[in-house]
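Analysis of the macromolecular model
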Amino acid sequence: MTRLSRYLLPTEKEAPADAEALSHRLMVRAGLVRQVGSGLWTWLPAGWRVHQRISAIVREELDAIGALEMLMPVIQPAELWKRTGRYPIEELFKLNDRRGAELVLAMTHEEVVTSHVAQIVRSYRDLPLILYHLQVKGRDEPRPRAGVLRTREFVMKDSYSFDRDQEGLEHSYARHIEAYDRIFERAGLRWYRVAGDVGVMGGTGAHEYMAPCAAGENEVALAPGYAANVEVATAQAKPVELPAALGAPAALDTPGATTIAAVGGLLGLEAGAMLKAFPVHVEERGLVLVMLRGDHRVNEVKLAAALAAPWRPASAEEIASAIGPPGFIGPVGAQLPVLLDAGVADGPYVTGANLADTHLRGVEPGRDFAYERVDVRSVEAGDLVGGAPITIEPAIEVGNIFQLGTRYSKALGASFLDEQGAEQAIWMGCYGIGIARIAAAAVEQFADERGISWPAAIAPFAVHLVALGKPGSAERELAERVYETLREGGVDVLYDDREAGAGEKFADAELLGAPLRLTVGRRTLESGEIEAQLRRGSVALAGIAPADALAAVEELCRSLA
RNA sequence: CGGGGCGUGGCGCAGCCUGGUAGCGCACUCGCUUUGGGAGCGAGAGGCCGUCGGUUCAAAUCCGACCGCCCCGACCA
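The following paragraphs examine the structure supplied in this document. None of the values given here were measured: they were computed from a predicted structure.

1. Examining the protein's contact with RNA strand B
In the neighbourhood of RNA strand B, 38 residues make up the surrounding shell, with Arg86, Met107, Arg150, Glu510 and Glu531 lying closest. Close to the protein, within 4 Å, the atoms of RNA strand B are drawn from sugar and phosphate at a rate of 54%. At 2.7 Å from a phosphate oxygen of RNA strand B is found a main-chain nitrogen or oxygen belonging to alanine 17. Within the side chain of arginine 150, one N or O atom sits 2.3 Å away from a base oxygen of RNA strand B. Only β1 (33-37), α12 (502-512), β29 (516-520) and α13 (522-527) provide two or more residues apiece to the surface near RNA strand B. No other element matches the seven residues that α12 contributes to the surface near RNA strand B. Within the surface near RNA strand B, the residues separate by chemical class into 13 nonpolar, seven polar and 18 charged.

In structure tokens:
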């Protein structure tokens, strides 16, 4: 029943005052979602149709790679999470039952799925295996935001692959890449698959699927043939002009100039002509001096990867006692390892002299200090990849795929016997997709000043049929017949049969964003043609004769798919 | 967790500074008119002013505590 007069579609002329992100404003205004609490959302009927259409695409593509759908519980014993060491995670919702037993609200399902596999899988003959489900996840987010983009409860498709070795894992991973590429393509998004950070999970590979949009929380570096999360992106730095070389470093009087900006101002130098020292304390290694070009910034994710150990910025005391006066430290003469960022080219730079109120000019890496080369800076717009300048766009992470290895299988005893009868740990991968984020990203990417403009594949309705004229009029009777014809023909049609003005109906149709709008009114009676209009583009469509309505609409829908 | 802002009918807001028993627009109900881009006239319904406490003859308004929500940052396997 999709007569608007009998449907729940609470459209609003004005967005809630606290809604800022475009998708937040439009999804509420279009009557798709309503907020229950911070980061907690109800999907109203039309919104849920979008959600379901996305889920259907996800299911089809996962089934196509042989993944098996199942369903695991949201509430789980805390014990499982203690065994994998994830119980202390702050975002994990913890609760107790009436007897005081400790439970959690699952944020993902590695623990449960792995414990099942540990019990069920015995032999290499049982592998490989890909299991998935669509299930609610709970996360005690420090800051829910932007409507449905970052919430405390959300439906996620998560799949898990189980293989006998790394080669098998890589194969399952590759299959997921195929499925994911098709899913995001079919959903009609603008998307990128980017290299991701493997993080502390210690996996061997990770990619993120990113949908560029203004409300995105991540940043993606893009160049022709290149896409990476800025957390891990690598690019060739824009060159800077450096002064003439000196035979040896020479001291400069720089009283009180403890920052790059201050030194630059004092000496009339641009930041890129200086070297910035970033002293860090690395676990089991001690103090290390990281040197970057003055205009570059340390990327903490890349630094963590380069150091391969936990680290923290050195304290002022450590700097003063082991290196020099804070604000004036540098690599020349420093008695500690120096890591030189890849963005630093050969040439003379100005840098701290390890003496109060003093810098050195003419400092040349290699000649004046020994170093180990690392790549730990954040790339910037205009840096080069393959000779082309990169751009940096905000994006929302709509999916991720991750090679887990044996972290969970070892913790939970998921193993199998190989052909030789030897027990082996199972190699795992995990793969997530946020359904709501796909919907929100599509809203963000394709909305215009009139409202949402859905990709046809995930629109709540394929056709929005607007009936004009008074109830009981000849045009209304015609509209009724068109509606029944389309409905019986299996078209997803929303029929606006309300008693409302034409402007209101058109505005609601444009806000809700179905790809095709049909209008039946007095003009239809006069011309003998139903007016057809696409939500996207401004191409005028030929009218449709009422007798041909079903065939013509089916043809139009096919052309939009 | 740090910084900022906001809680008054379904939505958007005014009233608070200067205390005196709540108002506007939209939406809603009924009637008449209107009917291809968010209509007109008339008549209505709807609010423990986030909660608790304090000050006062009197609190939406002043004071305190708490709760909730939003934004920026931190965080986000």
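2. Some details on the pairing of strand β26 (residues 427-434)
Extensive coverage of β26 is indicated by the burial of seven of its eight residues. Pairing analysis gives six bridges linking strand β23 (residues 391-405) to β26, with the strands arranged antiparallel. For isoleucine 401, the partnering residue across the bridge sits in β26 and is tyrosine 431.

3. Some details on helix α5 (residues 166-187)
Compared with the 32 Å implied by 1.5 Å per residue over 22 residues, the 31 Å span of α5 between its first and last C-alpha is a close match. For α5, every residue scored as buried is listed here: Gly168, Leu169, Ser172, Tyr173, His176, Ile177, Ala179, Tyr180, Ile183, Phe184 and Ala187. Phi for glycine 188, located one or two positions after α5, is positive at around 85°.

What counts, and at which threshold
Residues numbered from 1 in each chain as written. Chains lettered and ligands numbered in written order. Predicted model: local features only at pLDDT ≥ 70, side-chain atom pairs only at ≥ 80, totals over all residues. Heavy atoms only, no water. Near = heavy atom within 4 Å. Polar contact = N/O pair within 3.5 Å; in protein donor to acceptor, adjacent residues only side chain to side chain. Helix = DSSP H or I, 4+ residues; strand = E, 2+ residues; numbered from the N terminus. Nonpolar A, V, L, I, M, F, W, Y, C, P; charged D, E, K, R; others polar. Buried < 20%, exposed > 50% of the residue type's maximum accessible area, 1.4 Å probe, protein only. Pairing = 2+ DSSP bridges. Expected span 1.5 Å × (residues − 1).

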